[in-house]
Amino acid sequence: MTSTFTFGDRTVKRLGYGAMHLAGPGAFGPPKDHDAALTVLREAVGAGVNHIDTSDFYGPHVTNRLIREALHPYPDDLVIATKIGARRGANGSWLPAFSREELAQAVHDNLRNLGLDELHVVNLRVMFSAHGPAEGSIEAPLTVLAELQRQGLIRHIGLSNVTPTQIAEGRKICKIVCVQNHYNLAHRIDDALIDDLAGRGVAYVPFFPLGGFTPLQSSTLSDVARSLDATPMQVALAWLLRRAPNILPIPGTTSVAHLRENLSATELDLPDEATALLNGVAANIGSSD
Ligand SMILES: NC(=O)c1ccc[n+]([C@@H]2O[C@H](COP(=O)([O-])OP(=O)(O)OC[C@H]3O[C@@H](n4cnc5c(N)ncnc54)[C@H](OP(=O)(O)O)[C@@H]3O)[C@@H](O)[C@H]2O)c1
């Protein structure tokens, strides 16, 4: 299993870190413990993580400012990938923010809050439905992003919460280096897409790799974990790392103990029989599993 991937123009370790939960509950507001949030970020980078996923709509602005406080000046190899295309309502709701002005403002906000002159990766987070990817043209907002890229504010562009049709449309507008969609052991709608992107050298960054707000629960996962003397979360991450070489998981945690547990998933070699059992989990969801 390869342990690195060329992400844009940088080589990253395949297991990264998702910073969303460092903002308060629901990724809205300040963290309960500011110093603990800084510690998690420093531990992650200290342990070799060089891909952090964030957005200025976490908080809003809270997570990016924590990243800056904890890690700036950044190590040369660190890729900070952010997302634009949404804003937060006063009650924490997630609202689309796709106008030219909103997108440009979001890029400038990210630059300022992260303390960067150029954003390494910006994902256009598409939001045509509250229930996952939905068809609709992304030409107008992606054209704005491509212009901001030409101005030197963005190095690489990715897409999030998108369909294969939208990715094909996007490829005609600019180079797409990554796709960030919901995917894990139990949610495998993107299986064919992942293989297609792997053939093109495009990173697939699964969000909710551990199940997100509803952590993965499966008797098969627990049984396999027990048999390997590992935890279910480690097995879920090891399964993703084995699934395809372009998968770059970004598990999120506010806990140093969970961070260490998750990072050691790279040392877990899944035997073929365990992988076969885990491959059946998605099919069994909704039955006894
Ligand atoms: N593009 C998008 O639309 C989108 C949407 C959602 C998320 N994201 C990105 O994807 C990243 C990952 O998603 P996510 O953080 O929501 O979901 P996740 O990584 O699947 O799960 C995170 C949850 O699992 C818990 N957890 C983490 N490690 C654990 C462990 N070893 N044992 C037990 N529980 C553990 C965390 O709680 P503790 O804090 O207690 O560890 C947290 O509640 C986010 O941080 C964000 O950057 C993107």
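Residues numbered from 1 in each chain as written. Predicted model: local features only at pLDDT ≥ 70, side-chain atom pairs only at ≥ 80, totals over all residues. Heavy atoms only, no water.

Notes on the overall build of the protein chain
Here's step 1: Summing up its helical and strand segments, the protein chain has eleven helices and eleven strands in all.
Here's step 2: The C-alpha atoms of the protein chain give 18 Å as radius of gyration, which agrees with the globular expectation for 289 residues (19 Å, within 12%).
Here's step 3: Its C-alpha atoms give the protein chain principal-axis dimensions of roughly 55 × 45 × 35 Å.
Here's step 4: Looking at the protein chain residue by residue over its 289 residues, the buried ones come to 53%.
Here's step 5: By sequence separation, contacts in the protein chain at least 24 residues apart represent 74% of the contacts at least 6 residues apart.
Here's step 6: In the form shown here, the protein chain has an accessible surface area of approximately 12,500 Å², with 52% of it arising from carbon and sulfur atoms. (Helix = DSSP H or I, 4+ residues; strand = E, 2+ residues; numbered from the N terminus. Rg over C-alpha atoms; globule rule 2.2 N^0.38 Å. Buried < 20%, exposed > 50% of the residue type's maximum accessible area, 1.4 Å probe, protein only. Contact = heavy atoms within 4.5 Å. Areas by Shrake-Rupley, 256 points an atom, 1.4 Å probe, with all protein chains shown as cover.)

Notes on the site of the ligand
Here's step 1: Around the ligand, a shell composed of 25 residues is seen, among which Asp 53, Leu 210, Thr 253, Thr 254 and His 258 lie nearest.
Here's step 2: Contacts to the ligand include Gln 180, whose side-chain N or O atom sits 2.9 Å from a nitrogen atom.
Here's step 3: Here an oxygen atom of the ligand and a backbone polar atom of Gly 212 are 2.8 Å apart.
Here's step 4: Protein chains shield 87% of the accessible area of the ligand, which is 900 Å² for the free molecule.
Here's step 5: Of the residues forming the shell around the ligand, the biggest block, three residues, is contributed by helix α9 (residues 256-263). (Near = heavy atom within 4 Å. Polar contact = N/O pair within 3.5 Å; in protein donor to acceptor, adjacent residues only side chain to side chain.)

Re the pattern of salt bridges
Note that side chains of opposite charge can pair when their charged atoms are close.
Here's step 1: Per the counting criterion, the structure on display carries 13 salt bridges.
Here's step 2: Its salt-bridge partner being Arg 155, residue Glu 118 comes within 3.0 Å of it at the nearest N-O pair. Of this pair, Glu 118 sits in the loop between α3 (100-114) and β8 (119-125) while Arg 155 sits in strand β9 (residues 154-160), placing them 37 residues apart in sequence.
Here's step 3: A single network of salt bridges, built from pairs that share partners, joins Arg 188, Asp 191, Asp 195 and Arg 243. (Salt bridge = Lys/Arg side-chain N within 4 Å of Asp/Glu carboxyl O.)

Describing unusual backbone geometry
Here's step 1: Note the cis peptide between Gly 59 and Pro 60, where omega equals -10 degrees.
Here's step 2: For Pro 60, the position within the fold is in the loop between β4 (51-53) and α2 (62-71).
Here's step 3: Cis geometry marks the peptide bond from His 72 to Pro 73; its omega dihedral reads 0 degrees.
Here's step 4: Along the chain, Pro 73 falls in the loop between α2 and β5 (79-84).
Here's step 5: Of note in this structure, Asn 161 is not a glycine but carries a positive phi near 60 degrees.
Here's step 6: Along the chain, Asn 161 turns up in the loop between β9 and α5 (164-171).
Here's step 7: Even without being glycine, Phe 208 reaches a positive phi, approximately 60 degrees.
Here's step 8: Note that Phe 208 resides in the loop between β11 (203-207) and α7 (219-227).
Here's step 9: By relative accessible area, Phe 208 is classed as partly exposed at 23%.

Some remarks on the packing of α7 against helix α8 (residues 232-243)
Here's step 1: It is at 8 Å that the axes of α7 and α8 come closest, and there the two elements cross at 95 degrees. Relative to α8, α7 is oriented roughly perpendicular. Contacts between α7 and α8 involve Leu 221, Ser 222, Val 224 and Ala 225 from the former and Pro 232, Val 235 and Ala 236 from the latter. (Axes fitted to C-alpha atoms, helices over the stretch in contact; angles between N-to-C directions. Parallel < 35°, antiparallel > 145°, perpendicular 65-115°, else oblique.)

Overview of the side chain of Asn 50
Here's step 1: Here Asn 50 shows up in the loop between α1 (34-46) and β4.
Here's step 2: A polar contact of 3.3 Å, which involves the side chain of Asn 50, links it to the side chain of Asp 77.

Some remarks on α3
Here's step 1: In this model α3 runs 21 Å from its N-terminal to its C-terminal C-alpha over 15 residues, within 8% of the 21 Å that 1.5 Å per residue would give.
Here's step 2: Note on α3: the residue one or two positions beyond its end, Gly 115, has a positive phi of about 70 degrees. (Expected span 1.5 Å × (residues − 1).)

Notes on the environment of Ala 86
Here's step 1: The residue Ala 86 is located in strand β6 (residues 86-88) in this model.
Here's step 2: Under the relative-accessibility criterion, Ala 86 is labelled buried at 13%.
Here's step 3: The spatial distance from the C-alpha of Ala 86 to the C-alpha of Val 202 is 24 Å, given a sequence separation of 116 residues.
Here's step 4: In this structure, Ala 86 is in contact with Phe 57, Leu 95, Pro 96, Ala 97 and Met 127, ignoring residues within four places of it in sequence.

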